[in-house]
Every structure is written in C-alpha cells, then in structure tokens.
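Descriptive analysis of the structure
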Amino acid sequence: MDPGSQPPPEDDTAFFGQPKGLLTLSGLEVWERFSFLGMQAILVLYFADSVANEGMGMSAGTAASVSAAYGTLVYLVSVAGGWLADRILGSYRAVLWGGILIACGHYSMAVPTSTMTWVGLGLISAGTGLLKPNVATMVGRLYATDDDRRDAGFALYYMAINIGAFAGPLITGWLGDHKGWHWGFSAAAIGMTFGLIQYVAGRRHLAGRRHSAEFALAPHAMRRAVRLIVLGLVAVAVVAGLLAAAGWLTMDRFVDLLTLISVIAPVVYFAVMFRSPRVTSEERGRLKPYIVLFLASTVFNFILFQAYSTMMLLASTNAETAILGFDFPASWYASALGAFEVGLAPFVAALWVRMGHRQPHASNKIAIGVVLGGLSFLLMVLPTSGHGGDDYLMSAWWIVGSYFLLGLGDILLETSGMSATTKLAPVAFSSQTMSLWFLSLALANGIQAQTVKLYDDVSKPAYFGVNGAIAVAAGLAVMAAAPWLRRTMHPVH
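Computed from a predicted model, the values in this text were never measured in an experiment.

This part is about the overall build of the protein chain. When its secondary structure is counted, the protein chain shows 17 helices and two strands. For 493 residues, the compact-globule estimate of 2.2 N^0.38 gives 23 Å, and the C-alpha radius of gyration of the protein chain, at 22 Å, lies within 12% of that figure. Buried residues in the protein chain amount to 56% of all 493 residues. Carbon and sulfur atoms make up 69% of the accessible area of the protein chain, which amounts to about 19,400 Å² in all. If you average the places of the 30 positive and of the 28 negative side-chain charges in the protein chain, the two averages end up 13 Å apart.

In structure tokens form, the structure reads like this:
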C-alpha cells in the first residue's frame, strides 16, 4: 500500500490505545447511525399512521413488511458499494459519496409528500450501500491481522455506532410525536451532514485513503463499466416505471422480488469468490467456515431488525409508555437498544483485551449472540400470553429486558462477525467480502419482509415464541460446530 496513504506513526495508540483513525470512522458512524436508525425508529410508525396524521395509512403487517423490504434494499446495494470501492472509487471516496447520498435522501424525506418519501428511501439505500461495507473495511485496515487489539477496536467502533443508535430515536421520535413525522426526518438529515463534515476533517488519520481504488480496473475497462452502470440504472428505472404504470409492479410484488434477490445474491456471490482465480486455496478454505458465520448472522439479524418493526408496533399498541412516572414516545424504546450497547460495549472490549488469546473463539462469540437474540423474543411470550384480546398493556420493563438481551447479543455477534470478515476476506475481494457480510443482513430483512406479514394473523405468543426458538436452536448448532470452525478458520481466532 502507498506509504503516503498511511496515517502518522504516532496515531497508532492515540485513541484509548487504539489507532486515531478509529475515532474518525467511529465519529462518522455515530452520525450515520443517528440518521439511519433515528429515521428507522419512526419509519414503521409513519407507514402505519393514518393519512390524516400525515402517515401512509398501511396496516401493521404491511407497514412492517415494507419497512423490512427497505432494509433489504439497503443491504443488497452494499454489494455494488463494495465492488465500486474495490474497482473504481476507492474506499475513502465511496464512503464520502455514500454519505452525500444519504444526506440528500433524508432531506428529501423531510418534504411532506409520499413521492419524496420514496425518492428519499431510494437515495438512502444507494448511499448506505456505498458507505456501510467500506467504513467497516477501513476500520479493519487500521490493524494487522494478528493484532490482539482488533476485536476490542471493533467493539469500540460498535459502541460509537450505538451512541448514534441511542441518540437518533430520542430526537426523531420526540419530533415525530410532537411536531410531525417529517420533522423527525429533518433531524436525521442534519445528523448525516455533521457526520460528513467530521469525516472529511479527519481524513489524514485513515489508512488507505488514496483516491484511486486498490484493485482499480484498467482505464478502458473502467470507462466501459461506468457506461454499463449508468445505462443499467436508466433501464431499470424505465422498466420499473412501465411495469408500475401497467399495474403489474405492485408494492407486494416489489417486496417479494427483493426477498427473492436477497436469497439468490449471496449464493451467487459465494460461488464467484470460490471460483475466482485471484483467490488462493488457503483463502478459499477459510471461506467455508464463513458460510456458517453468514447464516448465523442472518438468523440473529432477523430478530434484531424486528426491534424496529414488530417490536416497535407491539410497543406502540400494547406496552406502557411511561417509566417511573415519565411519559415518552413509543419510538424511544429503540433508544434502549442503543443505550444498552453503548453501556455494555466498553466492558466487552475491556474483557477481550484482558483475556488476549484466551478469549473465546469468534465462532463461539457469534453463537452466544444468536442464542441471546432468540431469548429476547422468547421473553416476549410471557407478557403477551393469557389475554382475551389485544387491549392489554404490558409493563415497559418487558420491552426493556428484551432489548437488553438483544443488545448484548448484538455486541457479541456484530463485532466478532465484522472483525472475522476482515480477517477471512480474500485480498482481492476485501471490500466485497464485507459486502457479503451485509448480504446476510439483506437476507435477514428479506425473510423478515415475508414473516412479518403474519404479525396480524397469528397470536403474539406464537409469533415471538416460534421465531425465538428457531434462533436459539441455530445458536446451539453453531456451538456444536465450534471444533470444526476453530480448525478451518485457523489462524483466525
């Protein structure tokens, strides 16, 4: 790598014993998550609210399904984001342009029309696809593969993410509840703008900040690729417009199409990497255990993302919105998840540093995270059982307790998963392998987009009980596979 693209040597331990570039990238993610999850905390409520209240007038199941489909699109686009960074833009510029698109999307959603809502969601999807996989890859580049600080660094990075996840719903939720939904979307736009400013200001602390892509296409191939991308986008827009005008491309069919793509895309992507001549036999061997980690991530995130859909809907209709006499909007429950992750992440990071090479293997951390995610849903069986109708109110502490389990599981799984991904990635597919991790999130959302349709049709204990039990069983299966995973992931710990 070009020495001129490396941060100054004194940066290596300048941020709580971590590289100073971690502060710049974490600061960006604080504001990106502030905007993204701040908006997501009120999105499903906005979809389900009546048109008279400036909502979209959808049923609860449809609102949750469309919200999940949006999440599917966000993470599907991350594949293109990783490829563009590796071959055309470079990670630094990919993240910069992604942030600009996200900010423009949130400003669009601040305009109180349904058309601008869909335009905004499209821009945010494209921008997040550029930003998310490449920020995580840039964090990984701050460390050597065998650096014991790596998992702790990702834990601190994830803690910063969840500062934004905590603060975002507080601001957007209050504005949405007291001023109107589009005021909440405006706050998300301002937050992303702050993130972009601090990212550009701290760029000298980043590793690999060169403007060109690390595995750039030849000039002729790059021009051809850009032309094909532009023509492809135009063609997709035209075909979608014609099908929508003809009445064939309905919202339900669009959701189903995204689910289908979310299933096919990772299969194709794994096949491409396994067959690529630029992937060595050693790298190919480490991709096999990664498939297990991929599926574990899918199961956990299927539960996690419902913190912003079915759990939010349940909180808005069947949970008290007062704790110790203090009233709050239902969307503030989403901040509890971020608060737990902010509070727990430093302890998890300190524990891994203290244990060093004695810490649990990455696969065991991920397995425990999946089990905790399942338990967070199984816990909800208790307060939703034994009622004659849907007019009951459960204590707020049930939702808070569920989010505690989910938050701890998220720290264990996501930090270990992202860290393991940067270690297991074939060199020629570095950013794209991180995109593959985000495809597990797309698949989780794609499955969720179908499953949440049942939310209105089955009992709440059955819904949360079955989904929770499946997640616990999946986590236990990963634990059972731990000896094989340790052997095939070596030397990755």
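Within the secondary structure layout, R33 lies in helix α1 (residues 21-48). Judged by relative accessible area, R33 falls into the buried class, the value being 5%. Discounting residues that sit within four places of it in the chain, R33 has contacts with G38, Y75, T128, K132, I161, G164 and A165.

It is worth spelling out the layout of surface pockets at this point. By volume, the largest pocket is sized at about 1,800 Å³. Looking at the largest pocket, it is lined by 50 residues, and the ones nearest its centre are L73, V77, L233, V236 and F254. Elements with a contribution of two residues or more to the lining of the largest pocket: α2 (60-89), α3 (91-109), α4 (114-140), α7 (219-245), α8 (251-275) and α15 (430-451). Residues belonging to the lining of the largest pocket are distributed by class as follows: 44 nonpolar, six polar and no charged.

Along the chain, A221 falls in helix α7. For A221, a relative accessible area of 32% translates into the label partly exposed. In the structure, A221 is positioned 15 residues away from V236 in sequence and 22 Å away in space, judged by C-alpha atoms.

On to the nonpolar core. Counting residues in hydrophobic clusters, the biggest one holds 94 residues, and the most contacted among them are M39, F47, Y333, I399, Y403 and L439. In contact with I399, other than residues within four places in its own chain, are M311, L314, A319, Y333, M380 and M394. Formed by 31 residues, the second largest nonpolar core is a distinct cluster that contains Y92, A136, Y143 and Y158.

It is worth spelling out the packing of aromatic side chains at this point. Under the defined criterion, the tally for this structure stands at 15 aromatic pairs. Geometrically, the ring pair formed by Y75 and F305 is stacked, given 5.9 Å between the ring centres and 25° between the ring planes. You can see Y75 sitting in helix α2 and its partner F305 sitting in the loop between α9 (281-304) and α10 (310-318), a full 230 residues away along the chain. Exposure class is identical for Y75 and F305. Each is buried. Judged by centre distance (5.2 Å) and plane angle (85°), the rings of F340 and F404 are edge-to-face. With F340 in helix α11 (residues 333-355) and F404 in helix α14 (residues 396-424), this residue pair connects regions lying 64 residues apart in the sequence.

The next point concerns empty space enclosed by the protein. Within this structure, the stated rule accounts for four cavities of 30 Å³ or more. Along the walls of the largest cavity sit 21 residues, with R33, L37, Y158, L304 and D410 positioned nearest its centre. Taken together, the residues of the lining of the largest cavity sort by class into 13 nonpolar, three polar and five charged.

Of the positions making up helix α17 (residues 482-489), those classed as buried are A482, L485 and M489. Buried residues of α17, viewed axially, fall in a sector of 60°; they line one side.

Moving on: the confidence of the model for the protein chain. Residues at a pLDDT of 70 or more form 92% of the protein chain, whose mean pLDDT is 83. Ranking the elements of the protein chain by mean pLDDT puts strand β1 (residues 322-323) last with 78 and helix α16 (residues 460-480) first with 93.

Before going further, it helps to spend a moment on the packing of helix α12 (residues 362-379) against α16. For the pair α12 and α16, interaxial distance at closest approach is 7 Å and the crossing angle is 165°. Between α12 and α16, the angle falls in the class roughly antiparallel. Viewed along their axes, α12 and α16 form a crossing whose handedness is left-handed. Residues that form the contact of α12 with α16 fall into these classes: 16 nonpolar, seven polar and no charged.

If you check α12, its first and last C-alpha atoms are 26 Å apart, about what 18 residues at 1.5 Å a residue would give, namely 26 Å. For α12, the buried fraction is high: 14 of the 18 residues fall into the buried class.

This part covers the pattern of salt bridges. Under the criterion given, the structure shown has four salt bridges. Here K453 ties to D256 by a salt bridge, and the two come within 3.2 Å at their closest N and O atoms. You can see K453 sitting in the loop between α15 and α16 and its partner D256 sitting in helix α8, a full 197 residues away along the chain. What makes D256 partly exposed here is its relative accessible area of 36%. Two residues, E282 and R286, come together in a salt bridge whose shortest N-O distance is 3.1 Å. Note that E282 and R286 are positioned in helix α9 at a spacing of four residues, about one turn of the helix.

Taken together, the side chains of W118, M251, F254, L257, L260, I261, V263, I264, V268 and V272 present a nonpolar region at the surface, about 820 Å² in accessible area. Top element by residues in the nonpolar patch is α8. It accounts for nine residues. You can see V272 is positioned in helix α8. In this structure V272 comes out as partly exposed when scored by relative accessible area, which is 45%.

The subject of this paragraph is the environment of S276. As for its placement among the helices and strands, S276 is situated in the loop between α8 and α9. For S276 and A482, which are 206 residues apart along the polypeptide, the C-alpha to C-alpha distance reads 28 Å.

With that settled, consider the packing of α2 against α7. Viewed as axis vectors pointing N to C, α2 and α7 meet at an angle of 145°, and their least axial separation amounts to 11 Å. Together, W83, L84, R87 and I88 of α2 and M222, A225, V226 and I229 of α7 make up the contact between the two elements. Split by residue class, the contact of α2 with α7 holds seven nonpolar, no polar and one charged.

Definitions and cut-offs
Residue numbers restart at each chain and count upward from 1, following the sequence in its written direction. Whole-chain, interface and lining totals are the exception, using all residues; otherwise, since this is a predicted model, local features are given only for residues with pLDDT of at least 70 and side-chain atom pairs are given and counted only at 80 or more. Only hydrogens and water are removed before side-chain values are computed, so all heavy atoms of the structure are retained for them. Only DSSP runs of H or I covering at least 4 residues are called helices, and only runs of E covering at least 2 are called strands; the numbering of each starts at the N terminus. Radius of gyration means the value over C-alpha atoms here, while the globule rule gives 2.2 Å times the residue count to the 0.38 power. A simple rule labels every residue: compare its accessible area, found with a 1.4 Å probe on the protein chains alone, to the largest value its type can have, and call it buried under 20%, exposed over 50%, or partly exposed in between. The protein chains shown are the only cover counted for residues, whose accessible areas, like all others here, come from Shrake-Rupley with a 1.4 Å probe. Only four residue types enter the charge count: Lys and Arg as positive, Asp and Glu as negative, with His and the chain ends excluded. Charged groups are reduced to one reference atom each: NZ for lysine, CZ for arginine, CG for aspartic acid, CD for glutamic acid. Working rule for contacts: check all heavy atoms of both residues, and any pair within 4.5 Å makes them a contact. Think of a 1 Å grid over the protein atoms and nothing else: a 1.4 Å probe that fits but is trapped marks a cavity, an open set flanked by protein within 12 Å on at least five of seven lines marks a pocket, and residues with an atom within 4 Å of a point count as lining. Grid points are joined across faces, edges and corners, and a volume is the space filled by probe spheres set on the points. For this classification, Asp, Glu, Lys and Arg are treated as charged, while Ala, Val, Leu, Ile, Met, Phe, Trp, Tyr, Cys and Pro are nonpolar and the rest, including Gly, are polar. The set of buried Ala, Val, Leu, Ile, Met, Phe, Trp, Tyr and Cys residues whose side-chain atoms join them within 4.5 Å is what this entry labels a nonpolar core. In this analysis, rings of Phe, Tyr and Trp, with Trp reduced to its six-membered ring, are considered paired at centre separations within 6.5 Å, and the interplanar angle assigns stacked below 30 degrees, edge-to-face beyond 60, and tilted for intermediate values. Here the arc refers to the directions that run from the helix axis out to each C-beta atom. Each residue carries a pLDDT score, the predictor's own confidence in it, on a scale running from 0 to 100. With axes taken as lines fitted to C-alpha atoms, and helix axes fitted only over the stretch in contact, angles between N-to-C directions fall between 0 and 180 degrees. Should an angle fall under 35 degrees it is called roughly parallel, over 145 degrees roughly antiparallel, and 65 to 115 degrees roughly perpendicular, with every other angle called oblique. Definitions for this section: a left-handed crossing has its near helix turned counterclockwise from the far helix by less than a right angle. A right-handed crossing has that turn clockwise. Expected helix span is given by 1.5 Å per residue-to-residue step, counting one fewer step than there are residues. Within this document, salt bridges are pairs made up of a side-chain nitrogen of Lys or Arg and a carboxyl oxygen of Asp or Glu, the two lying within 4 Å of each other. Patches here: salt-bridge-free residues with over 30% relative accessible area, like charges joined within 9 Å, nonpolar side chains (Val, Leu, Ile, Met, Phe, Trp, Tyr) joined within 5 Å.

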